Amino acid sequence: MSVVLHVAGRVLAGPEDVRDELWVVDGRITYERPSGARDVRTVTGWALPGLVDAHCHVGLDAHGAVDAATSEKQALTDRDAGTLLIRDAGSPADTRWIDDRDDLPKIIRAGRHIARTRRYIRNYAHEIEPADLVAYVAQEARRGDGWVKLVGDWLDRSTGDLGACWPRAEVEAAIAEAHRLGARVTAHCFAEESLRDLVEAGIDCVEHATGLTEDTIPLFAERGVAIVPTLVNIATFPRLAAGGEAKFPRWADHMRRLHERRYDTVRAAYDAGVPVFVGTDAGGSLAHGLVAAEVAELVRAGIPPLRALSATTWGARAWLGRPALDEGAPADLVVYDEDPRADVRVLAAPRRVVLNGRVID
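Notes on the structure in this doc start here.

Cut-off values and rules
- Residues numbered from 1 in each chain as written.
- Predicted model: local features only at pLDDT ≥ 70, side-chain atom pairs only at ≥ 80, totals over all residues.
- Heavy atoms only, no water.
- Helix = DSSP H or I, 4+ residues; strand = E, 2+ residues; numbered from the N terminus.
- Rg over C-alpha atoms; globule rule 2.2 N^0.38 Å.
- Buried < 20%, exposed > 50% of the residue type's maximum accessible area, 1.4 Å probe, protein only.
- Contact = heavy atoms within 4.5 Å.
- Areas by Shrake-Rupley, 256 points an atom, 1.4 Å probe, with all protein chains shown as cover.
- Lys, Arg positive; Asp, Glu negative; His and termini not counted.
- Charge placed at Lys NZ, Arg CZ, Asp CG, Glu CD.
- Patch = residues over 30% accessible without salt bridge, like charges linked within 9 Å, V, L, I, M, F, W, Y side chains within 5 Å.
- Salt bridge = Lys/Arg side-chain N within 4 Å of Asp/Glu carboxyl O.
- Pairing = 2+ DSSP bridges.
- Axes fitted to C-alpha atoms, helices over the stretch in contact; angles between N-to-C directions.
- Parallel < 35°, antiparallel > 145°, perpendicular 65-115°, else oblique.
- Nonpolar A, V, L, I, M, F, W, Y, C, P; charged D, E, K, R; others polar.
- Polar contact = N/O pair within 3.5 Å; in protein donor to acceptor, adjacent residues only side chain to side chain.

### Some details on the overall build of the chain
- Scanning the chain from N- to C-terminus turns up 12 helices and 20 strands.
- In terms of overall dimensions, the chain is globule-like: its C-alpha atoms have a radius of gyration of 21 Å, near the 21 Å expected for 361 residues.
- Over its C-alpha atoms, taken along the principal directions, the chain stretches across nearly 70 × 40 × 35 Å.
- Burial analysis of the chain (361 residues in total) assigns 57% to the buried set.
- Intrachain contacts of the chain at a sequence separation of at least 6 include 66% that bridge at least 24 residues.
- Accessible surface computed for the chain: about 14,700 Å², of which carbon and sulfur atoms make up 46%.
- The averaged location of the 55 negative side-chain charges in the chain is 2 Å from the averaged location of its 44 positive side-chain charges.

### Side note on a positive patch on the surface
- Residues Arg118, Arg122, Arg157 and Lys247 make up a contiguous surface patch of positive charge.
- Checked against the element boundaries, Arg122 lands in the loop between strand 10 (114-116) and strand 11 (126-128).
- Judged by relative accessible area, which is 67%, Arg122 ranks as exposed.

### Some words on the sheet that holds strand 9 (residues 106-109)
- Taken together, the three strands give an open sheet; going across it, the order is 5-8-9, and neighbouring strands pair in parallel fashion. Taken across any chain shown, the strands that pair with only one partner, and hence form the sheet edges, are strand 5 (51-56) and strand 9. Each neighbouring strand pair of the sheet contributes to a mean axis angle of 20 degrees, computed without reference to strand direction.
- The pairing of strand 5 with strand 8 (residues 83-88) spans four bridges and is classified as parallel. In the strand pairing of strand 8, Cys56 is matched with Asp88.

### Concerning the packing of helix 7 (residues 237-244) against helix 8 (residues 249-260)
- Closest axis-to-axis distance for the helix 7/helix 8 pair is 8 Å, and the angle between their directions is 170 degrees. What the angle tells us is that helix 7 and helix 8 run roughly antiparallel. Here Phe237, Pro238, Leu240, Ala241, Ala242 and Gly244 of helix 7 lie close against helix 8, whose contacting residues are Pro249, Trp251, Ala252, Met255, Arg256, Leu258 and His259.
- Along the lines of polarity and charge, the residues of the contact of helix 7 with helix 8 split into 10 nonpolar, two polar and one charged.

### Some words on the pattern of salt bridges
- Enumeration over the complete set of coordinates arrives at 28 salt bridges.
- Between Arg79 and Asp80 there is a salt bridge whose closest N-O contact spans 2.9 Å.
- We classify Arg79 as buried; its relative accessible area is 10%.
- Among the salt bridges present, the one from Arg143 reaches Glu140, with a minimum N-O distance of 3.2 Å.

### Considering the environment of Asp145
- Checked against the element boundaries, Asp145 lands in the loop between helix 2 (133-143) and strand 12 (147-151).
- A relative accessible area of 28% places Asp145 in the partly exposed class.
- For Asp145 and Ala13, which are 132 residues apart along the polypeptide, the C-alpha to C-alpha distance reads 26 Å.
- Excluding residues within four positions of it along the chain, Asp145 makes contact with Arg96, Ile107, Ile108 and Arg109.
- Among the polar contacts listed, one links the side chain of Asp145 to the side chain of Arg96, at a separation of 2.8 Å.

### Regarding unusual backbone geometry
- For Asp26, which is not glycine, the phi dihedral falls at a positive 55 degrees.
- With respect to the helices and strands, Asp26 occurs in the loop between strand 2 (17-25) and strand 3 (28-30).
- The residue Asn123 is not glycine, and still its phi comes out positive at about 75 degrees.
- By secondary structure assignment, the location of Asn123 is in the loop between strand 10 and strand 11.
- The class of Asn123 is partly exposed, set by a relative accessible area of 44%.

As structure tokens, this is what we get:
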């Protein structure tokens, strides 16, 4: 028998499931002490499932795709912060090689962004017109790991403000095609305009969702459409507005208003029953390793600490179809010195990270 890992103290196997210990044998979790175990390494503390960043970009920086060495550094930064499962919400880089590395986080990919021509950040997306939307969604559904990412709204230079990118009929057809191929669809959305059409067209998730209002929040709740608020990214809106105000004053004012009500928006969505998950929008212009900061932002918005924890652990993993600290599951977990349920800021200082049963020293 190889080295056996013994995690002792408090194992938070679920929101209400607290155990005294678990064991890791051959990289997998068991709650039964293995017989004949002689070479045992013990780690003590408060154990959580490996954290989830449900909106992250590995292989991307402010200018587009990056090389493998930079992608590796991004993934390592996330891992060392306790993020062991990533939903990569759009990247032009091929990061499949990461799947062969047992020392890097597991990634669920959404393929490359799909945007309207000249309506997104340069070098990030397939930039197309509505007539091609279904074909590109089908392409990215086959390339991804069960997700497709649309850019639902962006600055419309003809109006000088945020505007929806896709006609309703094309969105309906594209989402239906993704679902036929077994993929879920999410969309970048800052403003109010695109939300109703996307939800009524059958979308599964919306990123940022700063444009939610009392009119659309009940629709999200009724349809079970999740949101990933990325509040650490929304914090940059005032700086972005200042940079673009001279040329696009309407857009700048809109961005400031969305920023000012961001916490109220998230809390109203949560109170209405909209599923909320943790995502940082790392990559692009934002640093990696910010998952703990995003959890703290959700709590600041008014989400109870235990629910905010679930949004990056048990609940997020269930939503993405991946196990937590289940019997027989891969041993991906993070150990802390203190109880993260009492203060989510504990997440910023992992004591030990265990990935595929290996303690990352």
